[in-house]
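Chains, contacts and geometry: an overview
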Amino acid sequence: MNKHGMRRMDKFEMLEGAKSMGAGAATIASAGAAVGIGNVFSSLIHSVARNPSLAKQLFGYAILGFALIEAIA
């Protein structure tokens, strides 16, 4: 035992637990980004289906939305 009353293995187990919690948080964040990207392109498809003449402009907006979501994630 060290001066804090913890064995070396206890510290290792706490570190592994913290790594797992971090990985879980990162997974949740990436899942949220995936949902956001799906919403952007779903809206693009619906918008182009309603007004095909705006397809190029709407695609530019969709790429901008995709980039912003990726940057945040």
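Everything numeric here is computed off the predicted structure, so don't read it as measured data. Throughout, residues of each chain are indexed from 1 in the direction in which the sequence is written. Thresholds applied to this predicted model are a pLDDT of at least 70 for local features of residues and 80 or more for the giving and counting of side-chain atom pairs; totals over whole chains, interfaces and linings are not thresholded and use all residues. Where side-chain values are given, they derive from all heavy atoms of the structure, hydrogens and water being excluded.

**Focus on the overall build of the protein**
We count it as follows: Think of it this way: any DSSP run of H or I at least four residues long counts as a helix, any run of E at least two long counts as a strand, and we number them from the N terminus. Relative accessibility thresholds used throughout: buried, under 20% of the residue-type maximum; exposed, over 50%; partly exposed, between the two (1.4 Å probe, protein chains only). In these tables, accessible area is a Shrake-Rupley quantity obtained with a 1.4 Å probe, and a residue counts as shielded only by the protein chains included in the view.
Along the protein, the regular secondary structure elements total two helices and zero strands. Taken over 73 residues, the protein has a buried fraction of 10%. When the accessible area of the protein is evaluated, it comes to approximately 5900 Å², of which 68% is carbon and sulfur surface.

**Focus: the packing of aromatic side chains**
What counts here: Between 30 and 60 degrees the pair is tilted, below 30 it is stacked and above 60 it is edge-to-face, where a pair is any two Phe, Tyr or Trp rings, Trp via its six-membered ring, whose centres lie within 6.5 Å.
What the rule picks out here adds up to one aromatic pair. Geometrically, the ring pair formed by F41 and F66 is tilted, given 6.0 Å between the ring centres and 55° between the ring planes. Linking F41 in helix α1 (residues 8–50) with F66 in helix α2 (residues 55–72), this pair joins segments that are 25 residues apart in sequence. Overall, the relative accessible area of 26% leaves F41 in the partly exposed class.

**A short note on the environment of S30**
By the secondary structure assignment, S30 is in helix α1. As for S30 and A73, which are separated by 43 residues in sequence, their C-alpha atoms are 6.4 Å apart.

**Overview of the pattern of salt bridges**
Selection criterion: A pairing counts as a salt bridge when a side-chain nitrogen of Lys or Arg comes within 4 Å of a carboxyl oxygen of Asp or Glu.
The full count for this structure, using the stated rule, is one salt bridge. Between E16 and K19 there is a salt bridge, with the nearest N and O atoms lying 3.7 Å from each other. Taken as a pair, E16 and K19 lie in helix α1 at a separation of three residues, close to a single helical turn.

**Some details on the UniProt feature "transmembrane region" (unreviewed entry) in the protein**
This is how it is decided: UniProt positions are given in the numbering used here, feature names are shortened, and annotations may be inferred rather than shown by experiment.
Under the local residue numbering, the UniProt record ascribes the feature "transmembrane region" (unreviewed entry) to residues 21–42 and 54–72. Along residues 21–42, the helical share is 100% and the strand share 0%, with 32 Å between the first and last C-alpha atoms. Each end of residues 54–72 is marked by a C-alpha atom, and these two atoms are 27 Å apart; helix forms 95% of the span and strand 0%.

**Comments concerning the environment of A55**
Positionally, A55 belongs in helix α2. Separated by 10 residues in sequence, A55 and I45 place their C-alpha atoms 9.2 Å apart.

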